[in-house]
Amino acid sequence: MMLAGHPVIVDAAGRLMPWISWGEALDREMDFYQQCPVDHGYPRFVHLTFLDGDWNPFSDRSDTIPATQNGMAILSYLKFHEFRGTQDPRFPTTACLMGDYLVKETLTPIGGKYPAFTRSTGQRERFPLPEDAGSQGDRPYEIEPDKGGIAGYALLRLFAAVGRREYLAQGLQNARVLAANQQHGDDTHSPWPFRVDYRDGEGRGPVSGNMTYILRLYDELLAHGYAEFAAARESLWNWIKHHQIPSAATDGALFAQFFEDHETPTNRTAWAPLNLARYLIEKKELLDPDWRADSGALIEFVRRNFTHVELGVTVCHEQDEDGEAWGGINSTYGAVLALYAQAIESAALASEAQQALNFTLYAIDDRGRPRDLCKSAVLGGWQEDAHTDVIHNYVDALHAFPEWEALGG
């Protein structure tokens, strides 16, 4: 059997093993991305979303997803830099180019309900993005509030790493805009709609499933002494704790809508509950005295609704409307399951997590070039699923189980 161009390797018990050691595969991929051509001062994978394995843009895709792609990339590069001992300056340098792109090129205009706010979608080869840059499922003047949370939190982590105050300033701006537009959520509405016209605040989509990174943004600013966010943070957490988490035990309707290219208001995703579970497991009692039960309920919701078997491996697909085990979501599943398995000391869940991550590792070729989906015939693709929302997941899993780095080889 072959998977993403590699012969499939299994152990004596029939469990999927990696084709190469995790450490070597991750190092090759990170080295490959340092070879990315630079346009307009930024590596192509920073400002373009669809690239092939030789850095060529897809001719039929002019749309981009700046906030998610670069927000998660900043977290990936900072985590990998720390994991490798902070000796290689290439990774924080590249993270700063991502931060510069978010701060200089992707903001809405000054004025309106969401001023100077990080855009969720855009158009390639536009520096900065024009006022009507919305693409994919966004209308020309729409933004997605939760994506401003991702970008804002990532910029604050970048500020903490390199000390450049423009990153703090933009994270603070995103948070203040979010707090000014926050509503009290209920059983059918999240505190922000999924999409908003940044000019007048008109919302579209009553539920935005990804509230975790806005919570992280508020928590990070509170840790920096910005007490102005205490009430907004408390209101958001109360909605997550008393409305959103309980919905995982029923239909999970409050985990609808995350992905930029989908518009169905009831389209639930695995990304949102998994990233909430990750935060609960990281913070434990400091965030939620019931973290063990709540994170378990979130993970079980995902396992029940968004997992399937490929090559004998339980893998995760991303949403109701897409049944493919894309690199971003399947590595997210493996990482969060690994963190949970380590926290509750479950060997069975650890094995499942390891195999899911082994599966996505096959997407990397011998030169370190990834693809967004193992079954894809071509390298590259969505940069979020190929690279930027993948690396940090392997680092998280390796913090839980350091011995996995030497697997395979």
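Residues numbered from 1 in each chain as written. Predicted model: local features only at pLDDT ≥ 70, side-chain atom pairs only at ≥ 80, totals over all residues. Heavy atoms only, no water.

1. Section: the sheet that holds strand β10 (residues 142-143)
Our working rule: Two strands make a pair as long as DSSP finds a minimum of two bridges between them. Helix numbers and strand numbers start at the N terminus; a helix is a DSSP run of H or I with at least 4 residues, a strand a run of E with at least 2.
Read across the sheet, three strands follow the order β10-β11-β12 without closing on themselves; strand pairing throughout is antiparallel. Strand pairing shows two members of the sheet lacking a second neighbour, β10 and β12 (203-204), which therefore form its edges. Pairing geometry for strand β11 (residues 195-197) and β12, over two bridges, is antiparallel. Its bridge partner lying in β12, R195 is registered against R204.

2. Focus: the packing of aromatic side chains
Where we set the bar: Aromatic rings from Phe, Tyr and Trp, taking only the six-membered ring of Trp, are treated as a pair when their centres fall within 6.5 Å; an angle between ring planes under 30 degrees marks them as stacked, one over 60 as edge-to-face, and anything in between as tilted. Classification of residues uses two cut-offs on accessible area relative to the type maximum, computed with a 1.4 Å probe and protein chains only: under 20% is buried, over 50% is exposed, and between them is partly exposed.
Tallied over the full model, the rule gives 24 aromatic pairs. Geometrically, the ring pair formed by W22 and W404 is edge-to-face, given 5.6 Å between the ring centres and 70 degrees between the ring planes. Separated by 382 residues along the polypeptide, W22 in helix α1 (residues 22-33) and W404 in the segment after α14 (391-400) bring together distant segments of the chain. W22 sits in the buried class, given a relative accessible area of 0%.

3. What about the nonpolar core?
It is characteristic of soluble globular proteins that their nonpolar side chains tend to be buried jointly. Short version of the rule: Only buried residues count toward a nonpolar core. Its members are Ala, Val, Leu, Ile, Met, Phe, Trp, Tyr and Cys residues joined through side-chain atoms within 4.5 Å.
Grouped together as the largest cluster of nonpolar side chains are 132 residues, with contacts concentrated most on W22, F45, Y218, I240 and W404. It is helix α11 (residues 327-344) that contributes the most residues to this core, nine residues altogether.

4. What to know about helix α7 (residues 212-223)
The condition is simple: A helix is expected to span 1.5 Å multiplied by its residue count minus one. Every residue pair with non-hydrogen atoms within 4.5 Å of one another is taken to be in contact.
Helix length check: α7 (twelve residues) gives 16 Å between terminal C-alpha atoms against 16 Å at 1.5 Å per residue, within 8%. With respect to burial, α7 is a largely interior element, ten of its twelve residues being buried. Looking only at α7, the buried set comprises T212, Y213, I214, L215, R216, L217, Y218, D219, E220 and L221. Those residues of α7 that are buried lie in contact with α3 (66-83), α5 (145-162), α6 (165-181), α8 (230-247) and α9 (271-283). G225 occupies a position one or two residues after α7 and carries a positive phi of about 95 degrees.

5. Quick word on the environment of V103
With respect to the element layout, V103 can be found in helix α4 (residues 90-105). With 67 residues separating them along the chain, V103 and Q170 place their C-alpha atoms 6.7 Å apart. Not counting the four nearest positions on each side in its chain, V103 is found in contact with L155, E166, Y167 and Q170.

6. Concerning unusual backbone geometry
For the bond running from F127 to P128, omega is -5 degrees, close enough to zero to count as cis. As for its position among the elements, P128 is in the loop between β9 (122-123) and β10. Here A4, not a glycine, exhibits a phi torsion of approximately 55 degrees, which is positive. Tracing the backbone through its elements, the reader meets A4 in the loop between β1 (2-3) and β2 (6-7). With phi around 65 degrees, E125 is a residue other than glycine that occupies positive phi space. Classification of E125 as partly exposed rests on a relative accessible area of 40%.

7. Digging into the side chain of R44
Note the following rule: Whenever two N or O atoms come within 3.5 Å, that pair is a polar contact, provided that in protein one can donate a hydrogen and the other can accept it, and provided that, for residues adjacent in sequence, both atoms are side-chain atoms.
By secondary structure assignment, the location of R44 is in helix α2 (residues 44-47). A polar contact of 2.8 Å, which involves the side chain of R44, links it to the side chain of D39. Setting aside residues up to four positions removed in sequence, R44 forms contacts with C36, P37, D39, L51 and W55.

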